[in-house]
Amino acid sequence: MAGCVSRVELSVSCRSLLDRDLGSRSDPLCVLLQDVGGGQWAELDRTERIKNCQNPEFCKKLVVDYYFEKVQKLKFGVYDIDNKSFDLNDDDYLGGIECTLGQVVSSSAFTRPLELKQGKPAGKGTIMISAEEIKDTRVVYLEIEARNLDKKDFLGKSDPFLEFYKQSDAGTWQLVYRSEVVIKNNLNPCWRKFSVPLQTFCGGDFNKPIKVQCADHDSDGSHDLIGTFETNLTQLQKAGDCSPVEFECIHPEKKQKKKSYKNSGIVRIKSCKIETEYSFLDYVMGGCQINFTVGVDFTGSNGDPKSPDSLHYISPDGINEYLIAIWSVGSVVQDYDTDKLFPAFGFGAQVPPSWQVSHEFALNFNPSNPYCQGIQGIVDAYRQILPQIRLYGPTNFSPIINHVARFAAQSAQQGTASQYFILLIITDGEITDLDQTRQAIVNASKLPMSIIIVGVGEADFKAMEFLDGDNGVLKSLTGEPAARDIVQFVPFRQFKNAPREALSQMVLAEVPKQLVSYYKWQGWPPVKLPEIKKV
């Protein structure tokens, strides 16, 4: 399962709180709880208590780990604290709200009326929550070369590589970067440009001592030191395009032994730039909307929907694998889409009135407005259309991929990180137009979109696994490689007996990385830039 995307701090303020104290105003505190399943809530954090205040702006931030692929249900409770006990059961409740972390991070300021219980407002009280990622998102980019390095190998020249260390508060040296490229037999190497997160490189302290070691690589691991020098980021930053910064590489033992010793070569910093590397949350908080589209496989290989053996058979409790997949993925994604209008399509069926086979028909039978209201709208449209169409074939994915790609291409022309598209295809896996689909995916890889394929039933999903580029880069029939990996395939059968949220966690875990990789590739910052914030 994917790890935490990042940590988020929540700033909380309230307006017009109820007044529970006689002779003075309430002394509010806000507590944050998270749903841990089974109707249980666990406390994550709480603010300070502010005395005599009905419009508090809490100074203490509430910190929570954020996972894109999960629906994280939160409860904010505001209490009037009149004693010193930690337990809140003996304090007056001033109101609270329930929401998801996705709703909070996708709003610039999430404001809701406080409720004493569901449907009962807490007077005119409101709560406002804003989210900020705890992260210094800056990255150090360095270009380095060296000249006249000492020869270390008996038969050849040296094979030099670099190591960077930062000094810890305790004075010890901690490795932060080792150059990947060992340049063979070269006393005047030029290393490939590399980057290190600023937090890793120097903890955000531009004057923190940095030690650089240059060594001769030996395959047995007994690397020979060529020389070393100390610097800091402030000095390194002086390197510009026309004026590199040079350091003498000193071998301490040689310096001690030889009076005539000058150095073991010169290391030259050609450029040192600090750039901001934006995260998924930077883009979402900066106003990027995630547009969710569903494509449902209505081909004959699914079986007759009236038969209990069919993958489209709706069981007495009202579900099947298609519906579970729609709910699981949609329930997460819907928090990131303000209008909650989702286009939903079917493919591979004969559609009335002409009974022609269609590979992209609107589930609501309205091609000019294929949008469904919320995830429930998709579910309702699916249930209504099932008895009205004839399952047929073939199974063509490319029309629906190209359909979403057209919208993504229009959005990309704006040149801003404002719209990203997720296409969920649910299929029984028997794909017919593999070559056209490969081309469609390669084309889509240059656009702001990701494709999630959920395979239902017991079919052999080799073609689906081929489209998921995890085992190497997907190429079109002509050999053109995908610009980035945008397909995530998951067989539903692996999740049959797992909690429903396990499926969404698996299929959505890659999306944050895919979204960031696209905007980074384009060089587009978030629409609204975050303030740089240190941990």
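Residues numbered from 1 in each chain as written. Predicted model: local features only at pLDDT ≥ 70, side-chain atom pairs only at ≥ 80, totals over all residues. Heavy atoms only, no water.

An unreviewed UniProt entry annotates the protein as Copine-3 originating from Aptenodytes patagonicus. Quoted verbatim from the Function (unreviewed entry) field of the UniProt record, the comment on the protein reads "Calcium-dependent phospholipid-binding protein that plays a role in ERBB2-mediated tumor cell migration in response to growth factor heregulin stimulation." Its UniProt record gives the protein a comment under Subunit (unreviewed entry), which states: "Monomer. Interacts with ERBB2 (preferentially with the tyrosine phosphorylated form); this interaction occurs at the cell membrane and is increased in a growth factor heregulin-dependent manner. Interacts with SHC1; this interaction may mediate the binding of CPNE3 with ERBB2. Interacts with RACK1." (UniProt positions renumbered as here; feature names shortened; annotations may be inferred.)

On to the sheet that holds strand E20 (residues 356–358). Read from one edge of the open sheet, three strands run E20-E19-E23, paired in antiparallel fashion. The open sheet has two edge strands, E20 and strand E23 (390–391), and neither has a second partner. As defined by bridge partners, strand E19 (residues 349–351) adjoins E20 across three bridges and the pair is classed as antiparallel. Directly across from Val351, in E20, lies its bridge partner Gln356. (Pairing = 2+ DSSP bridges. Helix = DSSP H or I, 4+ residues; strand = E, 2+ residues; numbered from the N terminus.)

The next point concerns the packing of helix H6 (residues 321–333) against helix H11 (residues 500–508). Relative orientation and spacing of two packed helices are given, respectively, by the angle between their axes and the distance between those axes. One can describe the packing of H6 onto H11 by two numbers: an axis separation of 9 Å at closest approach and a directional angle of 65 degrees. Our pair here, H6 against H11, has a crossing hand that is right-handed. From H6, Ile324, Ala325, Ser328, Val329, Val332 and Val333 reach across to H11, where they touch Arg500, Leu503, Ser504, Val507 and Leu508. Of the residues that constitute the contact of H6 with H11, the class distribution is eight nonpolar, two polar and one charged. (Axes fitted to C-alpha atoms, helices over the stretch in contact; angles between N-to-C directions. Left-handed = near helix turned anticlockwise from the far one by under 90°. Contact = heavy atoms within 4.5 Å. Nonpolar A, V, L, I, M, F, W, Y, C, P; charged D, E, K, R; others polar.)

Turning to the pattern of salt bridges, a few remarks are in order. Under the defined criterion, the tally for this structure stands at 17 salt bridges. Its salt-bridge partner being Asp45, residue Lys60 comes within 2.8 Å of it at the nearest N-O pair. Remark: Asp45 occurs in strand E3 (residues 40–46) and Lys60 occurs in the loop between E3 and strand E4 (62–66); sequence separation between them is 15 residues. Given a relative accessible area of 35%, Lys60 falls into the partly exposed group. Judged by relative accessible area, Asp45 falls into the buried class, the value being 15%. We note a salt bridge from Glu277 to Lys520, for which the minimum N-O separation is 3.1 Å. (Salt bridge = Lys/Arg side-chain N within 4 Å of Asp/Glu carboxyl O. Buried < 20%, exposed > 50% of the residue type's maximum accessible area, 1.4 Å probe, protein only.)

Here we come to empty space enclosed by the protein. Under the definition given, this model contains one cavity of 30 Å³ or more. Looking at the largest cavity, its volume works out to about 40 Å³. Along the walls of the largest cavity sit Lys70, Val71, Gln72, Thr100, Leu101, Gly102, Ser331, Val332, Asp335 and Tyr336, which together make up its complete lining. The class makeup of the residues in the lining of the largest cavity is four nonpolar, four polar and two charged. (1 Å grid on protein atoms, 1.4 Å probe; cavity = no way out; pocket = protein on both sides within 12 Å on 5 of 7 lines; lining within 4 Å. Points joined across faces, edges and corners; volume = space filled by probe spheres on them.)

What follows is about the sheet that holds strand E10 (residues 160–167). Read across the sheet, four strands follow the order E11-E10-E13-E14 without closing on themselves; strand pairing throughout is antiparallel. Strand pairing shows two members of the sheet lacking a second neighbour, strand E11 (173–178) and strand E14 (224–231), which therefore form its edges. If you compare each strand with its neighbour and ignore which way they point, the axes differ by 25 degrees on average. Pairing between E10 and E11: five bridges, direction antiparallel. Bridge pairing in E11 links Phe164 to Tyr177.

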